[in-house]
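A closer look at the structure
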Amino acid sequence: RQGIKTNRSSSLYSSSGYQYLQGLMGECKTEGAKNNNLMSLLFGHLTHSCIDLSACIFICVFSGSVVCVGGDGMFSEVMHGLIGRTQKDSDIDQNDPTAPLVSCKTRIGIIPAGSTDCICYATVGINDPVTSALHIIVGDSQPLDVSSVHCNKTFLKYFVSLLGYGFYGDVLKDSEEKRWMGSVRYDFAGFKNFLSHHYYEGTVSFLPATHTGGSPKDGKSCKTKCCICRQSKRQLEQLQKFETNRHGHDGRDQWKVIRGKFLAINAANMSCACPRSPKGLSPSAHLADGCADLILVHKCSRFNFLRYLIRHTNEDDQFNFTFVEVYRIRKFHFRSQHLEDSDDIKDMQKKHFGQFCREHPACCCTFPSSTWNCDGETLESSAIEVEVHCQLINLFARGTESPSKYEESPSMLETPSFLGHLSSYSLQKLSNKKAPA
């Protein structure tokens, strides 16, 4: 058995995820599963262990696959370890933002046991341990895009769901400082930052995605066997070959630049759907098209910003505002105004304010900067470079499925989640079958 944390107050013990992992490990024992013990106590320990070892905490390794129990943070560490190991074996420098990354052959299975389980919800359609376990048993495969974040030719992070600056970064930073409050800390931090209404100046430059047939506003969500993802993959490969033949030309003349004051800057690799926001931050974002949706929320009134936030929880178009822009992109760069003016500020302090600025560093000479929310982890950087890598990893999933007419009937509302994988014909027979007298 795997080394399992003994903290029984964790969500792992409050859910049935651990029970299904035990069942999977029992079934996989005949497949030659490796069961090693490793106690992970520090952030990042799991990532480095994945690079150096074959198995780690909460993980069952079998037949070229990795299964873990946890939330988005656990998945992120496993993903970083596997991608890092793959690039290390392929002699690829992750610090080079222009280096083409090699796709991971190892599939990742995740049984949800976190607070939001955004990745599982967006790729499966529900954060249910039974459904996720069945996807692993059946052997479903869903490719997934991964974006890399660099700063000054130094690798910082990978992310698969959200990279947020401004409001979402401030909420995460405040909530991390109040972990003693439990899950309530997210609501408290969100309310506090909504009242603060901070905005940040900066420059966003991005390369629009011309290889995909989708649009952030087309209302077409990513479903099982998505044709847009398949076509985008082929077209992106052709485009990359064309750019290589042009000696590394990546369409610099096609880059767009936007300067302004932003309440939030979000890059969504997927819809980022979760139980609180069933449609997510970008409902039409695709899982494996090699693109991300860049959402720019410009400075506006508190009332308008509240309207924008509320639309994440209902069916209204969240992009139908004059202060909101959304683009489908392949790459983007961000540089805060604070960093751009840092040299000028130092000169101004020396020439005009002198001793006063040295004794009062919090005076009006400084410009505020926010924190990046990178898949639920804070990232401190005022200048970043982001690139989307098409279908870099594979999950045990099949994407969200379109609801059938049988799911709307009252008799099907209490049907166990695993029946959703049966054929429509089987579901019809089950719903029409009479109960014994």
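This section reports on the structure supplied with the text. (Residues numbered from 1 in each chain as written. Predicted model: local features only at pLDDT ≥ 70, side-chain atom pairs only at ≥ 80, totals over all residues. Heavy atoms only, no water.)

Turning to the pattern of salt bridges, a few remarks are in order. Counted under the stated rule, the structure contains 8 salt bridges. Put simply, arginine 328 and aspartate 293 hold a salt bridge, and the shortest N to O gap is 2.8 Å. Placement of the pair is arginine 328 in strand β10 (residues 324–336) and aspartate 293 in strand β9 (residues 292–298), with a sequence separation of 35 residues. For the pair shown, arginine 328 and aspartate 293 are each scored as buried. Through salt bridges that share partners, Asp140, Arg398 and Glu401 make up one connected network. (Salt bridge = Lys/Arg side-chain N within 4 Å of Asp/Glu carboxyl O. Helix = DSSP H or I, 4+ residues; strand = E, 2+ residues; numbered from the N terminus. Buried < 20%, exposed > 50% of the residue type's maximum accessible area, 1.4 Å probe, protein only.)

With that settled, the discussion passes to the packing of aromatic side chains. Summed over the entire model, instances satisfying the criterion amount to 12 aromatic pairs. Centre to centre, the rings of tyrosine 165 and tryptophan 372 are 4.6 Å apart; their planes meet at 45°, and the pair counts as tilted. Separated by 207 residues along the polypeptide, tyrosine 165 in strand β6 (residues 162–166) and tryptophan 372 in strand β11 (residues 372–374) bring together distant segments of the chain. Following the ring pairs from residue to residue traces out a cluster consisting of Phe167, Tyr168, Phe194, Phe305, Tyr308, Phe321 and Phe323. (Phe/Tyr/Trp six-rings, centres within 6.5 Å; stacked < 30°, edge-to-face > 60°.)

Turning to helix α8 (residues 184–196), a few remarks are in order. Across its 13 residues, α8 extends 19 Å between first and last C-alpha, which sits within 8% of the 18 Å expected from 1.5 Å per residue. Residues of α8 that are buried include every one of Arg185, Ala189, Gly190, Asn193 and Phe194, and no others. All buried residues of α8 project into a common sector of 160° when viewed along the axis, lining one side. Those residues of α8 that are buried are in contact with α7 (167–176) and α10 (302–310). Just downstream of α8 lies histidine 197, where phi reads positive at about 55°. (Expected span 1.5 Å × (residues − 1). Arc of directions from axis to C-beta. Contact = heavy atoms within 4.5 Å.)

Geometric descriptors of this kind do not, in isolation, establish any biological role.
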